[in-house]
Amino acid sequence: MKSRSFTGAAFFTIMKKKWIFSLIGFVLATAIMQWQGASLKNAAAPGGILALEFARNSESLHVLLMSWKSSDVWTNILLDFIYIPAYTFFFVASLRLAKAANYTIVMASLAALFDLAENSLMMLSLAGHYSAISLQATALLAGLKFFCLGYCAAVIIAKVLISTWSYLRG
């Protein structure tokens with residue numbers, strides 16, 4: 001049996017392939033979410049589903065639900081369960097490729113967990129099982145999710161800029 005040597009260059013090549021695959025999945029999932037979620041954008045919810053994520057009281061929730069077709073909201077949330085692994089895989093692959101610290105990879109995973117919990121609470125709200133606390137919890141989870149993803153994006157951008165600057169300086 002022939003032994004294979006696993007070099008740093010081979011690892012980088014594998015990581016680039018995984019990253020490209022994750023990018024394609026992320027872009028496709030984003031396009032699908034935007035296309036399907038377009039019906040949720042209106043005067044009551046210019047940001048679409050984001051309005052539901054940050055609806056902090058029952059009055060806001062009722063205004064949103066009256067302005068949307070219920071099946072469109074359910075479909076969007078269910079599609080988000082596919083979107084979550086797509087963006088998580090992309091962020092994790094990007095962070096690994098950028099050689100970011102392990103805790104940033106944990107932050108990307110936490111964002112996914114926050115999103116799963118947020119979606120579960122939104123589904124309960126749509127089913128009529130909500131309270132002031134559950135609406136506040138949904139908004140908090142959405143905020144934590146976006147904080148984690150923003151932090152990961154900032155780390156990726158900083159790593160790319162630093163690498164580019166180092167390369168250009170020789």
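A short tour of the structure in this document, coming up. (Residues numbered from 1 in each chain as written. Predicted model: local features only at pLDDT ≥ 70, side-chain atom pairs only at ≥ 80, totals over all residues. Heavy atoms only, no water.)

1. Let's talk about the environment of Asn57
Next up, step 1: Here Asn57 is to be found in the loop between helix H2 (50-53) and helix H3 (58-67).
Next up, step 2: C-alpha separation for the pair Asn57 and Lys16, spaced 41 residues apart in sequence, amounts to 45 Å.
Next up, step 3: Here Glu59 takes part through its backbone nitrogen, which lies 3.2 Å from a polar atom of the side chain of Asn57.
Next up, step 4: Among the polar contacts made by the side chain of Asn57, one reaches the main-chain amide nitrogen of Ser60 at a distance of 2.7 Å. (Helix = DSSP H or I, 4+ residues; strand = E, 2+ residues; numbered from the N terminus. Polar contact = N/O pair within 3.5 Å; in protein donor to acceptor, adjacent residues only side chain to side chain.)

2. So, the layout of surface pockets
Next up, step 1: Of the pockets and cavities examined, the largest pocket occupies roughly 440 Å³.
Next up, step 2: Every residue lining the largest pocket is counted, 24 residues in all, and those nearest its centre are Gln34, Ile49, Leu50, Glu53 and Tyr83.
Next up, step 3: Secondary structure elements with two or more residues in the lining of the largest pocket: helix H1 (8-37), H2, helix H4 (70-97), helix H5 (102-126) and helix H6 (132-169).
Next up, step 4: Broken down by element, the residue count for the lining of the largest pocket peaks at six residues, all from H4.
Next up, step 5: Classifying every residue of the lining of the largest pocket by side-chain character gives twelve nonpolar, seven polar and five charged. (1 Å grid on protein atoms, 1.4 Å probe; cavity = no way out; pocket = protein on both sides within 12 Å on 5 of 7 lines; lining within 4 Å. Points joined across faces, edges and corners; volume = space filled by probe spheres on them. Nonpolar A, V, L, I, M, F, W, Y, C, P; charged D, E, K, R; others polar.)

3. Observations concerning the packing of H5 against H6
Next up, step 1: For the pair H5 and H6, interaxial distance at closest approach is 8 Å and the crossing angle is 155 degrees. With respect to each other, H5 and H6 are oriented roughly antiparallel. In this structure, H5 meets H6 at a crossing whose hand is left-handed.
Next up, step 2: Residues that form the contact of H5 with H6 fall into these classes: 20 nonpolar, four polar and three charged. (Axes fitted to C-alpha atoms, helices over the stretch in contact; angles between N-to-C directions. Parallel < 35°, antiparallel > 145°, perpendicular 65-115°, else oblique. Left-handed = near helix turned anticlockwise from the far one by under 90°.)

4. Regarding the packing of aromatic side chains
Next up, step 1: Summed over all chains, the structure comprises nine aromatic pairs.
Next up, step 2: Here Phe54 and Phe146 contribute two aromatic rings whose centre-to-centre distance is 6.2 Å and whose plane-to-plane angle is 25 degrees, an arrangement assigned as stacked. Note that Phe54 is positioned in the loop between H2 and H3 and Phe146 in helix H6, a separation of 92 residues in sequence.
Next up, step 3: Measuring from ring centre to ring centre gives 6.3 Å for Tyr103 and Tyr151, while their planes differ by 40 degrees; the resulting arrangement is tilted. Of this pair, Tyr103 sits in helix H5 while Tyr151 sits in helix H6; the two residues are 48 residues apart in sequence, bridging distant segments of the chain.
Next up, step 4: On the accessibility criterion, Tyr103 (48% relative accessible area) is partly exposed.
Next up, step 5: Its relative accessible area of 29% is what places Tyr151 among the partly exposed residues. (Phe/Tyr/Trp six-rings, centres within 6.5 Å; stacked < 30°, edge-to-face > 60°. Buried < 20%, exposed > 50% of the residue type's maximum accessible area, 1.4 Å probe, protein only.)

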